[in-house]
Amino acid sequence: MRNRAVLFLLHTLSWLLLSCDTCHGVESDIRCLETLKIQLTDPHDYLCSWSFASKNADEGFICNFKGIECWHPDESRVLNISLSNMGLQGQFPSGLKNCTSLTGLDLSNNDLSESLPVNIDEIIPFVVTLDLSSNNFSGILPEKLGNITFLNKLNLQHNQFSGEIPWQVGRLARLTTFNVADNPLSGQIPTFTNKSFTAANFDDAGLCGKPLRDCVGPPKKSLTGVIIGAAKDEDWKGNKWAKRNKAI
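Report on the accompanying structure. (Residues numbered from 1 in each chain as written. Predicted model: local features only at pLDDT ≥ 70, side-chain atom pairs only at ≥ 80, totals over all residues. Heavy atoms only, no water.)

Some words on the sheet that holds strand β8 (residues 153-155)
So, point 1. Pairing is mixed across the open sheet formed by 6 strands, whose spatial order is β1-β2-β4-β6-β8-β10. This sheet does not close on itself; its edge strands, each paired only once, are β1 (68-72) and β10 (177-179). On average, adjacent strands in this sheet sit at an angle of 25° to one another, irrespective of strand direction.
So, point 2. Note: strand β4 (residues 104-106) against strand β6 (residues 129-131), 3 bridges, orientation parallel. Counted as the bridge partner of D106 is D131 from β6. (Pairing = 2+ DSSP bridges. Helix = DSSP H or I, 4+ residues; strand = E, 2+ residues; numbered from the N terminus. Axes fitted to C-alpha atoms, helices over the stretch in contact; angles between N-to-C directions.)

As structure tokens, this is what we get:
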């Protein structure tokens, strides 16, 4: 009897914990989209249908929002966000951290700007596809892009990113698509784990290394120049000695 009571108690606690976790996930995803709508400027009112008036009544109501795909149509847990070609303005939305089950993010062909957050891995840790192409993002690429370990598609083409591609990006073992063309980047292309990309993925960028031209290091000091310089120095010392002895 006692064993049955213990099992029943454990089963009940497990069910309660699972239920609370599910509720928390749903609430956070709703908050994610509420914050997203606030953080992004929507000049063409594409997101006007995002109404949160029924958030306490209809389960899964956010799954009907434009650009939103859920894991299940009756559960408010966001799987993918696709908001391309909407003329959206603003920075990379930090509120995405509340979409805790997000695996796909497409914000391409908008007017988003400024730099990506340095803690981007904490905002979208489980994203598999990330498309930020054709925006006005700028600044250096954050090193912590390399911590988004599930990434297999990363498209950053046609922005204003500068500086080097962090070597940490090269360790993304699942990466199959990578594009940084049309950015004023510079420096050496990192070595990618078990993957090589074509020159078109880096086109118009001031980069070097495979698959582009070899990187040229700083010019080495000529050995001939060193020898000539040493000889001149000895000549100068000799002339100085000769002049001093002549004067005596």
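After presenting the structure, the write-up continues.
Comments concerning the nonpolar core
So, point 1. Counting 54 residues, the largest nonpolar core has L33, I81 and I124 as its most contacted members.
So, point 2. If you list the elements that add at least two residues to this core, you get α1 (2-39), β1, β2 (75-82) and α2 (120-123).
So, point 3. Here this core gets 5 residues from one element, more than from any other, and that element is α1.
So, point 4. Those residues within four positions of I124 in sequence are excluded, and the remaining contacts are F92, L96, L102, L105, L130 and I148. (Core = buried A, V, L, I, M, F, W, Y, C linked by side-chain atoms within 4.5 Å. Buried < 20%, exposed > 50% of the residue type's maximum accessible area, 1.4 Å probe, protein only. Contact = heavy atoms within 4.5 Å.)

Description of the pattern of salt bridges
So, point 1. Under the defined criterion, the tally for this structure stands at 1 salt bridge.
So, point 2. E75 is paired through a salt bridge with R77; the nearest N and O atoms lie 3.1 Å apart.
So, point 3. The class for R77 is buried, based on a relative accessible area of 15%. (Salt bridge = Lys/Arg side-chain N within 4 Å of Asp/Glu carboxyl O.)

So, the state of the cysteines
So, point 1. Considering all chains together, one arrives at 3 disulfides under this definition.
So, point 2. Disulfide pairing is shown between C32 and C99; the S-S distance is 2.1 Å. Here the S-S torsion is close to -100°, and the disulfide linking C32 with C99 is therefore left-handed. Here C99 lies in the loop between β3 (89-90) and β4 and C32 lies in helix α1, a separation of 67 residues in the sequence.
So, point 3. One disulfide bridge connects C63 with C70, the sulfur atoms lying 2.1 Å from each other. Here the S-S torsion is close to -100°, and the disulfide linking C63 with C70 is therefore left-handed. (Disulfide = S-S within 2.5 Å.)

Any link to function would need more than the numbers given here.
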